[in-house]
Amino acid sequence: RAFENELGVQAPLGFFDPIGYSKDGSAENFNRRRQSEIKHGRIAMMAAMGYITPEVAGKLPGYCSFSMNLKFADIPNGLAAISKVPAAGWAQILAYMAWCEISQDQSAGSPGAKGDFGFKVLTAKDQAGLTKKLNSELANGRLAMMAIIGMFFQD
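Rules of the game
- Residues numbered from 1 in each chain as written.
- Predicted model: local features only at pLDDT ≥ 70, side-chain atom pairs only at ≥ 80, totals over all residues.
- Heavy atoms only, no water.
- Helix = DSSP H or I, 4+ residues; strand = E, 2+ residues; numbered from the N terminus.
- Polar contact = N/O pair within 3.5 Å; in protein donor to acceptor, adjacent residues only side chain to side chain.
- Contact = heavy atoms within 4.5 Å.
- Patch = residues over 30% accessible without salt bridge, like charges linked within 9 Å, V, L, I, M, F, W, Y side chains within 5 Å.
- Areas by Shrake-Rupley, 256 points an atom, 1.4 Å probe, with all protein chains shown as cover.
- Salt bridge = Lys/Arg side-chain N within 4 Å of Asp/Glu carboxyl O.
- Core = buried A, V, L, I, M, F, W, Y, C linked by side-chain atoms within 4.5 Å.
- Buried < 20%, exposed > 50% of the residue type's maximum accessible area, 1.4 Å probe, protein only.

A. Here's a closer look at the side chain of D17. Assignment of secondary structure puts D17 in the segment before helix 1 (27-57). A distance of 3.0 Å separates a polar side-chain atom of D17 from the backbone nitrogen of Y21. In contact with D17, not counting residues within four places along its chain, are S22 and K23.

Pasting the structure below:
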């Protein structure tokens, strides 16, 4: 097995590839999938927090849309919000997502391809500490991907 020593290989499962995606041993394919895993994990962590936070902390005061007389408090939580947010709001969200995708070099071999966009939240004085934090990010991202799907299903 070529990838048993990579980040994200953690107990109790160890290297987990039940479908055999990495069977070919291609480092390029593995790195592309890892890049996708990191990106989707980060998005899922934000989505899970965005799903929970309005319930716990409340919603922003003010208006989401003055022209539609739509307050943030009037927008329901969860999937029900999809139909309530105005088209201009979705356009802003999609524009921001596009900017996030194209504003950084994410080509193979670049720091962006490894999920490093220069925003140093995960830092450590030694390599062992950094490895632990990066493994935690992968594990939490995996959990968040399952959690947000569970929240969607619950809705």
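Anyway, onward from the coordinates.
B. Examining a nonpolar patch on the surface more closely. A cluster of nonpolar side chains, L79, I82, W90, I93, L94, M97, I149 and F152, forms an exposed patch at the surface whose accessible area comes to about 720 Å². For the nonpolar patch, the secondary-structure elements that each account for two or more residues are helix 2 (87-102) and helix 3 (127-154). When residues in the nonpolar patch are grouped by element, the largest group, 4 residues, is from helix 2. With respect to the helices and strands, I82 occurs in the loop between strand 2 (70-71) and helix 2.

C. How the structure looks around the nonpolar core. Judged by nonpolar contacts, A44, A48, Y51, A144, I148 and M151 together constitute the single largest core of 6 residues. Looking at this core, the elements with two or more residues in it are helix 1 and helix 3.

The values reported here are purely geometric and, on their own, carry no functional implication.
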